[in-house]
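Inside the fold
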Amino acid sequence: MSEPILSEITDGIGVITLNRPNVLNALSLDLMKQLVETLEQFDENDDIRVIVLAGSEKVWAAGADIKDMADASVVSMHQRNQFARWERIKRIRKPIIAAVSGYALGGGCELAMHCDIIVASETAKFGQPEINIGVIPGAGGTQRLTRAIGKYRAMEMVLNGRFIDAKEAERFGLVSRVVPKEHYLSAAMAIAKQMARRPTVALQLGKEAILKASELPLSEGLEYERKLFYMLFATEDQKEGMRAFIEKRKPVFEGK
Ligand code: DAK
């Protein structure tokens, strides 16, 4: 049996590809386990600065594997403790760029929303159709989608299983940009390569601060940002960046 995910490292980018084509990349328990472990290994690996998470051109992911869940009981769901695994994605410090083409449904949409930037091909379709199988989103969909696109649009997607296409998703603020389908991966890689040249600590603290925006009241978020801002004056990259500006040359960031 082929591996549910593939991974490689190229030019400072850790690339993970979902690889269950026969079931539209349904997120089986095994896939999620390997995905989270690989993300954590990439987070630890100093050769990697940015992570790209991709599906295929045909599909990102059609959700959690319904066959894994169909006969589950409350107790077995509790024992699987899947929430803990998804929580671990939240703790990855490096930026994760989702390269989404085709369906991003249910857990697939939620996985994309766990990423920091979503690049969508013009064929991408986002949805939370769990209502069609008798449940509601279970990996943050009701919360993250609402924060991303607002209550009323989220209601229609969650309560009526409405899909939105890439252009709508862009208009609603769910995706960062839409590209022709043949560029869905190269566009994500191009952003990743640019970001990989940025000062590493600032990159990670910038992500941390933005994620706090949806958790903290404004005054506390601003306070949090200020502390991270001060912290960056302890990095060599801050000295290099500002000196290079004054000396009118390109900075050379060492990630320190
Ligand atoms: N799970 C398992 N198999 C799936 C699947 C899925 N989510 N989606 C598709 N497949 C399989 C189909 O069964 C089919 O397999 P075979 O019959 O060929 O063996 C194959 O992929 C191709 O699918 P279709 O024949 O259906 O392809 P179509 O192009 O006709 O339709 C579709 C594409 C995406 C519209 C359709 O496949 C579909 O509606 N799929 C289900 C979408 C869905 O309902 N997604 C939400 C699943 S629930 C949690 C974390 C996460 C979650 C919950 C809890 N915790 C942390 C606790 C998430 C829940 C979900 O995502």
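Our structure is the block above this text.
All residue numbers refer to positions counted from 1 along the written sequence of the respective chain. Reporting of local features is limited, given that this is a predicted model, to residues whose pLDDT is at least 70; pairs of side-chain atoms are given and counted only at 80 or more, and all residues count toward the totals for whole chains, interfaces and linings. As a convention, hydrogens and water are excluded, and side-chain values are obtained from all of the structure's heavy atoms.

**Some remarks on the pattern of salt bridges**
Just to be clear on terms, a salt bridge is a Lys or Arg side-chain nitrogen sitting within 4 Å of an Asp or Glu carboxyl oxygen. A complete count under the given rule lists 12 salt bridges for this structure. The partner of D116 in a salt bridge is K207, and the shortest N-O contact between them spans 2.7 Å. Note that D116 is positioned in the loop between helix 5 (107-114) and strand 7 (117-121) and K207 in helix 10 (residues 200-213), a separation of 91 residues in sequence. Three labels apply to residues, based on accessible area from a 1.4 Å probe with only protein chains included: buried if under 20% of the type maximum, exposed if over 50%, partly exposed otherwise in between. Residue classification places K207 among the buried residues on the basis of a relative accessible area of 10%. Put simply, R249 and E240 hold a salt bridge, and the shortest N to O gap is 2.8 Å. Judged by relative accessible area, R249 falls into the partly exposed class, the value being 35%. The class for E240 is buried, based on a relative accessible area of 14%. For the purposes of this entry, the term helix denotes a DSSP run of H or I that reaches at least four residues, the term strand denotes a run of E that reaches at least two, and both are numbered from the N terminus.

**Side note on the pairing of strand 5 (residues 96-100)**
Most of strand 5 is tucked away, with 5 of its 5 residues classed as buried. Of the two faces of strand 5, the one carrying I96, A98 and V100 and the one carrying I97 and A99 are both buried. Of the pairings in the sheet, the one linking strand 3 (residues 50-54) to strand 5 comprises 4 bridges and is parallel in character. Considered in strand 5, the bridge of I51 is made with I96. Criterion used throughout: strands pair if DSSP finds at least two bridges between them.

**A closer look at the layout of surface pockets**
Empty space within the largest pocket amounts to approximately 1200 Å³. Here a cavity is any set of points on a 1 Å grid over the protein atoms alone where a 1.4 Å probe fits but cannot get out, and a pocket is any open set with protein on both sides within 12 Å along at least 5 of 7 lines; a residue lines the site when it has an atom within 4 Å of a point. Forming the boundary of the largest pocket are 37 residues, of which C115, D116, I210, L211 and S214 lie nearest the centre. Those elements that place two or more of their residues in the lining of the largest pocket are helix 4 (82-90), helix 5, strand 7, helix 6 (141-149) and helix 10. Ranked by residues supplied to the lining of the largest pocket, first place goes to helix 10 with 10 residues. By residue class, the composition of the lining of the largest pocket is 18 nonpolar, 8 polar and 11 charged. Each pocket or cavity is described by its volume, and for the second largest pocket that value is around 640 Å³. Contributing to the lining of the second largest pocket are 29 residues, with A64, M69, E110, E130 and G138 lying nearest its centre. For the lining of the second largest pocket, the secondary structure elements donating two or more residues are helix 1 (29-44), helix 2 (66-69), helix 3 (74-80), helix 4 and helix 5. A total of 4 residues in the lining of the second largest pocket trace back to one element, the largest contributor, which is helix 4. Within the lining of the second largest pocket, the residues separate by chemical class into 18 nonpolar, 8 polar and 3 charged. Grid points are joined across faces, edges and corners, and a volume is the space filled by probe spheres set on the points. In this count, Pro and Cys sit with the nonpolar residues alongside Ala, Val, Leu, Ile, Met, Phe, Trp and Tyr, while Asp, Glu, Lys and Arg are called charged and the others, Gly among them, polar.

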